[in-house]
Amino acid sequence: MSTSVHERVSGGCACGKVRYETSGTFAFSLQCHCRKCQRATGTGHAPAFAVEVEKTRLAGPVKYYGHVSDSGTATRTGFCSACGSPIVSVTERFPERFYFLAATLDDTSGFEPEFAVFADQSPPWDPVPEKLKSWLAFDQADAPVAMASATASVITTTRTTTRRSWFHGGSA
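Below, the structure is looked at part by part. These numbers come from a predicted model, not from an experiment.

In this structure, Phe118 is a non-glycine residue whose phi angle is positive, near 55 degrees. Note on placement: Phe118 falls in the loop between strand E10 (115-117) and strand E11 (133-135).

Once that is clear, we can look at the sheet that holds strand E2 (residues 19-22). Pairing within the open sheet is antiparallel, and its 3 strands lie in the order E1-E2-E5. If you trace the sheet from one side to the other, it starts and ends with strand E1 (9-12) and strand E5 (56-59), each paired once. Pairwise comparison of adjacent strand axes, ignoring direction, gives a mean angle of 10 degrees for this sheet.

This part takes up the environment of Arg57. Within the secondary structure layout, Arg57 lies in strand E5. Those residues in contact with Arg57 that sit more than four places away from it in its chain are Arg19, Tyr20 and Glu21.

Time to look at the pattern of salt bridges. Summed over the entire model, instances satisfying the criterion amount to 3 salt bridges. Residue Glu21 pairs with Arg8 through a salt bridge whose shortest N-O separation is 3.6 Å. Residue Glu21 is located in strand E2, and its partner Arg8 is located in the segment before E1; the two are separated by 13 residues in the primary sequence. A relative accessible area of 29% places Glu21 in the partly exposed class. By relative accessible area, which is 55% here, Arg8 ends up exposed. Across the pair Arg19 and Asp106 runs a salt bridge, and its minimum N-O distance is 2.6 Å. In this pair, Arg19 is assigned in strand E2 and Asp106 in the loop between strand E9 (97-101) and E10, connecting sequence segments 87 residues apart. Arg19 gets classed as partly exposed once you look at its relative accessible area, which sits at 30%. Residue Asp106 is classed as partly exposed on the basis of its relative accessible area, which comes to 46%.

Scoring rules and cut-offs
- Residues numbered from 1 in each chain as written.
- Predicted model: local features only at pLDDT ≥ 70, side-chain atom pairs only at ≥ 80, totals over all residues.
- Heavy atoms only, no water.
- Helix = DSSP H or I, 4+ residues; strand = E, 2+ residues; numbered from the N terminus.
- Pairing = 2+ DSSP bridges.
- Axes fitted to C-alpha atoms, helices over the stretch in contact; angles between N-to-C directions.
- Contact = heavy atoms within 4.5 Å.
- Salt bridge = Lys/Arg side-chain N within 4 Å of Asp/Glu carboxyl O.
- Buried < 20%, exposed > 50% of the residue type's maximum accessible area, 1.4 Å probe, protein only.

No statement about biological role is implied by the geometric values presented.
Written out as structure tokens, the structure reads:
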């Protein structure tokens, strides 16, 4: 999914008490198959997108659960304290980004994941789509993400990265 610099994107929880709005471009969109995301969403993966904290307004009764992610990074997952809907994640590694779950968008029709991470943890009943490039950890996905974020005002992630031993699926 991509947004132009001036497009506003909004979303929130099931009961409407937590709301967010962002005016910046999406850094990237993904499917995360780590166990933390599986448990937080109750499914085999978390479709999500990253936005800059400073260009995003998040309001409402968000309660955070802190834990260590599969990559070893301290992570906080935010839920609506009224209805329990998972909304957002933040990490110590990338404190400048919010990671919102795609299902929280007011209009989900434009969401399309650009890649998948923690592909090796994908359950057999929820495999990573073959069309997505996938990595075994989030750290390994940072190179193409950083390239895309630095070179485009409307993100269309470049998929021209060097094939490495950690690469799984898709074509380089």
